[in-house]
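# Observations on the model geometry
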Amino acid sequence: MRIELISTGDEVITGSIDDTNASFLSRELIEAGLQVNRRHTCGDSLEELMALFTEVSARKAVVIVTGGLGPTNDDLTTEAAARVAKVPLELNEQWLERMQEWFKQRGRTMAHSNIKQAMLPQGALFINNPVGTACGFVLKIDQAIFIFAPGVPRELKAMWELSIKELVLSFTQDTIPRTHLIRIFLLGIGESNLAERLAPIKLPQGITLGDRAIYPLIELKVIGHDASDSDMIATLNQIMNCVAPFYVCQESYSLLELLNQNEIKLAPCNAVDGLCRGWFLIHLQELCTNFISCTVFNTDESLVSADDQALDLQLLAQIPATNQITLLPADFDPNDQIAQDALRECDDELHHYLLSFNLDFVERDLLQHLEGKLLFGLKDNIYHSGAYTRNRDFLAYLCTIEIYKALRRESFIIPEECEFKVLALQDSRALDSVFPLDWSDLD
């Protein structure tokens, strides 16, 4: 048995609206271990709907159809289904009473045309709609089981959670191989180089890899069709050995959500963006929910005079040093001896940037402290056009993730073609015993 989706409506097929229902259902189904085999789109034409239902019904499938269940003349899905199934339409008294009560509670008179929404194919199984006037229904046509639902996204989602999901799982039990999906999020590697790294891995039968760019990340998908747990685990271990320097997280790329899962919460911060024209402050909101102060410096050498930089240094000195995060050119502060000493050992053909953080945070109800200085050497000046991995947004996101990795006590991201040094790192949580990376190797 297979799974197919049908989205109906002229507004969908003409592109007037995006087909968010099909995307939603595909995501929900894969999370439930079921992969969609095919998606269809059909306009508000009785003949086209009947032709499509006839074609799909010849296959052993569970088919979810959205749209065309309203009271107007162009809502033709129910009629098309009844004609293909060769059964008459019958009035569903239960749903008619439900609609009448729905209008009564809102002080409105139900139009006669709404009765059409209670006319279901003979033998159909009624599906309740808790938030609208169009009910759903299940109908067996030839070899396929059709599940019909409204096209309004809010109504579809409510019905999915209430009943449709369980219906699909029950119809597919022991008839469709379950699909495992593991999503891995990476930063600092291009898709072609990723493919080369993964090429030597011999994938067991039923396991495939796929990737997509979701700037500035790459999402790597490990998909197992009826694959064993041992094969999935073994494959995942091989993949992680290949992509470890670029690994951000797994399953979800909401950094704040992942920190919450570990019961980590940052205290309000003083944030300084001296490089990315505000992008760093934007991305820091993925870690911090509160800021005491946010400051943006214009540190582009071609635009800023020595006097202006002196003023910026004075302003920086006035910002509280506690709970502070700063991103600046590595040579911005001549009084930062650690940074100046490190720069003398760096490749002078690269552009260097310094991330510093001094943070208080709570982890599992315990107050903790984390300090660090990280030096990045990039080939391209972030103020000049260049590869996407070298622009301001990328640097801002990279620095945000590095702080996240330090908070999670995980290995730092080391992008391709990047000189990276840990100049200082102090963690109140016994750093040496919990970090998987030997930090001295990065000096």
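Each chain has its residues counted from 1, following the order in which its sequence is written. For this predicted model, a pLDDT threshold of at least 70 governs which residues receive local features, and a threshold of 80 or more governs which side-chain atom pairs are given and counted, while totals over whole chains, interfaces and linings are taken from all residues. For side-chain calculations, the full set of non-hydrogen atoms in the structure is used, while hydrogens and water are omitted.

The next thing to look at is the overall build of the protein chain. Helix numbering and strand numbering both begin at the N terminus, where a helix is a DSSP run of H or I of at least 4 residues and a strand a DSSP run of E of at least 2. The secondary structure content of the protein chain amounts to 14 helices and 19 strands. Relative to the globule expectation of 22 Å for 443 residues, the C-alpha radius of gyration of the protein chain, 29 Å, shows a markedly less compact shape. Referenced to the eigenvectors of the C-alpha coordinate spread, the extents of the protein chain come out at roughly 85 × 55 × 45 Å. A fraction of 68% describes how many contacts in the protein chain between residues 6 or more apart in sequence connect residues 24 or more apart. Charged-residue counts in this description rest on Lys and Arg as positive and Asp and Glu as negative, His and the chain ends being excluded. Here the site of a charge means NZ on Lys, CZ on Arg, CG on Asp, or CD on Glu. Taken as two groups, the 36 positive and 64 negative side-chain charges of the protein chain have centres that lie 8 Å from each other. Radius of gyration means the value over C-alpha atoms here, while the globule rule gives 2.2 Å times the residue count to the 0.38 power. Working rule for contacts: check all heavy atoms of both residues, and any pair within 4.5 Å makes them a contact.

What follows covers the sheet that holds strand β7 (residues 136-141). Strand pairing follows a simple DSSP-based rule, namely that at least 2 bridges must link the two strands. If you walk across this open sheet you meet the six strands as β2-β1-β3-β8-β7-β6, and the pairing is mixed. Edge positions in the open sheet fall to β2 (38-42) and β6 (125-127), since each of these has one partner strand only. In this sheet, neighbouring strand axes are inclined to one another by 20 degrees on average, regardless of whether the strands run parallel or antiparallel. Pairing of strand β3 (residues 61-66) with strand β8 (residues 144-149), which is carried by five bridges, proceeds in the parallel orientation. Counterpart to Val63 in the pairing with β8 is Phe146. Geometry is summarised by axes, namely lines fitted to C-alpha atoms with helices restricted to the contacting stretch, and by angles between N-to-C directions that run from 0 to 180 degrees. Helix-sheet contacts for helix α2 (residues 20-31) involve β1 (2-8), β2 and β3, and the interaxial angle to β1 is about 160 degrees.

Along the chain, Leu343 turns up in helix α12 (residues 337-343). As for Leu343 and Tyr353, which are separated by 10 residues in sequence, their C-alpha atoms are 10.0 Å apart. Excluding residues that lie within four positions of it along the chain, Leu343 makes contacts with Ala330, Asp331 and His352.

On to the pattern of salt bridges. Salt bridges are counted wherever a side-chain nitrogen of Lys or Arg sits within 4 Å of a carboxyl oxygen of Asp or Glu. In the structure shown here, the tally under the stated rule is 14 salt bridges. Across the pair Glu219 and Arg183 runs a salt bridge whose closest N-O atoms are separated by 3.5 Å. Taken together, the residues span a long stretch of sequence, with Glu219 in strand β11 (residues 217-225) and Arg183 in strand β9 (residues 179-187) at a distance of 36 residues. Across the salt bridge formed by Glu410 and Lys405, the nearest N and O atoms sit 3.1 Å from each other. We classify Glu410 as buried; its relative accessible area is 17%. The network of salt bridges with shared partners includes Glu363, Arg364, Arg409, Asp427 and Arg429. Throughout, exposure labels follow a simple rule: accessible area from a 1.4 Å probe, protein chains only, divided by the maximum for the residue type, with under 20% read as buried, over 50% as exposed, and the rest as partly exposed.

Moving on: the environment of Leu398. Among the secondary structure elements, Leu398 is positioned in helix α13 (residues 392-408). The spatial distance from the C-alpha of Leu398 to the C-alpha of Phe412 is 9.8 Å, given a sequence separation of 14 residues. Excluding residues within four positions of it along the chain, Leu398 makes contact with Leu187, Phe376, Ile413 and Pro415.

Within soluble globular proteins, side chains that are nonpolar generally end up buried alongside one another. Counting 50 residues, the largest nonpolar core has Phe280, Leu287, Ile325, Leu355, Phe357, Leu395 and Ile403 as the members making the most contacts within it. Sorting elements by how many residues they give to this core places α13 first, with 11 residues. Ile325 has contacts with Cys269, Asn270, Ala271, Val272, Phe280, Leu284, Cys288, Leu355, Ser356, Phe357, Leu359 and Ile403, leaving out every residue within four places of it along the chain. Counting 31 residues, the second-largest nonpolar core is a separate cluster that includes Leu76, Met99, Cys135 and Phe137. We call a set of buried residues a nonpolar core when its members are Ala, Val, Leu, Ile, Met, Phe, Trp, Tyr or Cys and they connect through side-chain atoms within 4.5 Å of each other.

A cavity, in this analysis, means grid points on a 1 Å lattice covering only the protein atoms where a 1.4 Å probe fits yet has no way out; a pocket is instead an open set bounded by protein on both sides within 12 Å along at least five of seven lines, and a residue lines either one if it has an atom within 4 Å of a point. Grid points are joined across faces, edges and corners, and a volume is the space filled by probe spheres set on the points. What the rule picks out here adds up to one cavity of 30 Å³ or more. Along the walls of the largest cavity sit Leu256, Leu259, Asn260, Ile264, Lys265, Leu266, Leu287 and Thr289, which together make up its complete lining. Listed by contribution, the elements that provide at least two residues to the lining of the largest cavity are α9 (255-261) and β13 (264-266). Taken together, the residues that form the lining of the largest cavity break down as five nonpolar, two polar and one charged. Under the scheme applied, nonpolar residues are Ala, Val, Leu, Ile, Met, Phe, Trp, Tyr, Cys and Pro; charged residues are Asp, Glu, Lys and Arg; polar residues are all the others, including Gly.

Following Tyr215, the chain continues into Pro216 via a peptide bond in cis, with omega recorded as 0 degrees. Residue position: Pro216 is located in the loop between β10 (207-214) and β11. Despite not being glycine, Asp142 shows a phi value in the positive range, around 55 degrees. Among the secondary structure elements, Asp142 is positioned in the loop between β7 and β8.

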